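Topology and contacts: notes
As a plain string of letters, each chain reads:
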Amino acid sequence: MLEAELSVELEADSGNISITLIDTPGPNDSRDSEEGHVLKQAVDSVLNKVDAICCVSDASAFGQQHSDNLLQGLQSVIEENKARVYILLNKFDNVDGDTTEDGLKTTLHNYLPMIPSKRVFVTKALYCTTTNKFRKAFNAFNDAKFDNTSEFNSIENFLWNVHKDQAWFKSFVKISFGDYDDEESMKKKYYKNARRMDDEDWEDEIQSCYKFSLIEKPMQLMLNTCYKNASLICLNKIARRVKKTISELETEMQFMGDDKMTQEQVDNAFGEC
């Protein structure tokens, strides 16, 4: 089980609010029933800590026994937490060509009818991976160029010579410039397009690849859920401060013999919060 913490700054002056991403195994990620039970316990142990739950399932494995067991294992967890559950059907780019997004959602609905379709999303792992790898490579070249340590005079030569044999780069060429038959045709297609591109064009390609991953919308919705809850926490903290400050002022006024707060005192109370 992995945890990663993000610091979120909100407009309200209440300090930073932390958003923690918790990555757990699926309840039935093992084919061994005893181990699967232990994994489910791990998931259950964090449910009371989270605002949004994202269940990721391999879209290309639908209909296989292990995938069916996973969905069945999730039923009890999702039923109890359905208001904050989002479903990601990942690896849609690996499914059979005749399978549609609506078809996958219909299949999922047969297992988990309690989850509305607006919280079920299809995503493409290949595009996500390609975007991340390309972003790192692009940044690495720019860092080396800035430090005068790059042996390549252009981003297109750097990408080709360093990454041409890597799966993500081959995917990028197909996604951005079209299919090819062999390495020679890939090289021709790549350089024909890449030589005409400037930094802004490369950035556009990265963003386009990310857009086709389909991950942006579900991630934004889940983060919005967390931000909303974080904002409520901020407002509650401010309200408690205001109440405490006013209570202290009232006590002081009673001691001084005053029976009503002036507008200036009220403003000062809020200013201190």
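Let me sum up the structure you'll find in this document. For clarity, every value in this text was computed on a predicted model and none was experimentally measured. (Residues numbered from 1 in each chain as written. Predicted model: local features only at pLDDT ≥ 70, side-chain atom pairs only at ≥ 80, totals over all residues. Heavy atoms only, no water.)

Brief notes about the nonpolar core
- Ranked by size, the top nonpolar core spans 21 residues in total, and within it Phe-134, Leu-159, Phe-169, Val-173, Tyr-190 and Trp-202 carry the most contacts.
- When contributions to this core are tallied by element, the ones reaching two or more residues are helix 4 (125-146), helix 5 (155-163), helix 6 (167-177), helix 7 (183-194) and helix 8 (199-213).
- Broken down by element, this core gets its largest block of residues, 5 residues, from helix 6.
- With sequence-adjacent residues up to four places away left out, Phe-134 is seen in contact with Leu-159, Trp-168, Phe-172, Trp-202 and Ile-206. (Core = buried A, V, L, I, M, F, W, Y, C linked by side-chain atoms within 4.5 Å. Buried < 20%, exposed > 50% of the residue type's maximum accessible area, 1.4 Å probe, protein only. Helix = DSSP H or I, 4+ residues; strand = E, 2+ residues; numbered from the N terminus. Contact = heavy atoms within 4.5 Å.)

As for the sheet that holds strand 4 (residues 85-90)
- Spatial ordering of the open sheet is given by 3-4-5, a layout of 3 strands whose pairing is parallel. Strand pairing shows two members of the sheet lacking a second neighbour, strand 3 (53-58) and strand 5 (120-122), which therefore form its edges. For this sheet, the mean angle separating the axes of adjacent strands, direction not counted, is 20 degrees.
- Sheet topology places strand 4 next to strand 5; 3 bridges connect them, and they run parallel. (Pairing = 2+ DSSP bridges. Axes fitted to C-alpha atoms, helices over the stretch in contact; angles between N-to-C directions.)

Focus on the packing of aromatic side chains
- Inspection of every chain in the model, using the stated rule, returns 17 aromatic pairs.
- Seen from their ring centres, Trp-160 and Tyr-190 are 5.7 Å apart, and the 25 degrees between their planes marks the pair as stacked. Of the two residues, Trp-160 is situated in helix 5 and Tyr-190 in helix 7; the sequence distance between them amounts to 30 residues.
- In this structure Trp-160 comes out as buried when scored by relative accessible area, which is 3%.
- Ring plane angle 90 degrees and centroid distance 5.9 Å describe the contact between Trp-168 and Phe-169, whose orientation is recorded as edge-to-face. For the residue pair Trp-168 and Phe-169, the accessibility class agrees, reading buried in each case.
- Through pairs of rings, three or more aromatic residues link up here, namely Phe-134, Phe-138, Trp-160, Trp-168, Phe-169, Phe-172, Phe-177, Tyr-190, Tyr-191 and Trp-202.
- Seen from the ring of Tyr-86, Arg-119 lies directly overhead, with NZ or CZ sitting 6.0 Å from the centre.
- Positioned over the ring face of Tyr-180 is Lys-174, at 5.3 Å from the centre of the ring. (Phe/Tyr/Trp six-rings, centres within 6.5 Å; stacked < 30°, edge-to-face > 60°. Lys NZ or Arg CZ within 6 Å of the ring centre and 35° of its normal.)

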